[in-house]
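Residue-level structural notes
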Amino acid sequence: MIDFLKAYKSYDPAAKSLLEILICYPGPKAIFLHRISHCLYQMKLFLLARLVSEVSRLLTGIEIHPGAKIGKRLVIDHGMGVVIGETSVIGDDCLIFHGVTLGGKSFENIKRHPTIEDRVTVGAGAKILGNITIGRESSIGANSVVTKDIPAGSVATGIPAQIK
């Protein structure tokens, strides 16, 4: 838990203390509640899992489906309007800004949401759609729309996103 809060502090120069982050920041609350809802989801207590995720959304403005798999030290900065779909996978040490959507392009019962590998930064308002992979240590520019795989170490910007 301390590593998680320290990750927030390292990304946010406005953060004055770990206690402030724990009490006042929506991202840690959303991640904590997601861990509970995800555990319930894995136990096939789907309704209870969704209820916990709904409470989280109401408290934080961050919507994370209980089925999403989230790695260690995910930082959701500001957070309002973040949507993370059911089959999304997020690696370790990622940074996601407000207004980001990790969404699907299909209604089929398959993996339909993106995989975000380790140490990826996703800028405010970006939309990453479909069963695609954003390679480790990549950056997605603010308001970009990504519908194709992005190789590791890349910077992708624009609509549709292009590798720079």
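Structure first, text after, so check above.
The rules behind each value
- Residues numbered from 1 in each chain as written.
- Predicted model: local features only at pLDDT ≥ 70, side-chain atom pairs only at ≥ 80, totals over all residues.
- Heavy atoms only, no water.
- Helix = DSSP H or I, 4+ residues; strand = E, 2+ residues; numbered from the N terminus.
- Buried < 20%, exposed > 50% of the residue type's maximum accessible area, 1.4 Å probe, protein only.
- Contact = heavy atoms within 4.5 Å.
- Core = buried A, V, L, I, M, F, W, Y, C linked by side-chain atoms within 4.5 Å.

1. Here we look at the overall build of the chain
Looking only at helices and strands, one finds four helices and 15 strands in the chain. Counting only C-alpha atoms, the chain reaches 40 × 40 × 20 Å along its principal axes. Here the chain holds 164 residues, and 46% of them are scored as buried. For the chain, restricting intrachain contacts to residue pairs at least 6 apart in sequence, the fraction spanning at least 24 positions comes to 30%.

2. A closer look at the nonpolar core
The tendency in soluble globular proteins is for nonpolar side chains to be buried side by side. The biggest cluster of nonpolar side chains holds 36 residues, and the ones touching the most others in it are I64, I90, I128, I134 and I140. Elements with a contribution of two residues or more to this core: α1 (2–11), α3 (26–42), β3 (75–77) and β6 (95–97). Ranked by residues supplied to this core, first place goes to α1 with four residues. Leave out the neighbours within four places in its chain, and I64 touches A30, I31, H34, S53, I70, I76 and I84. Grouped together as the second largest cluster of nonpolar side chains are five residues, L33, L40, A49 and V52 included.

Don't take any of this as a statement about function, it's just geometry.
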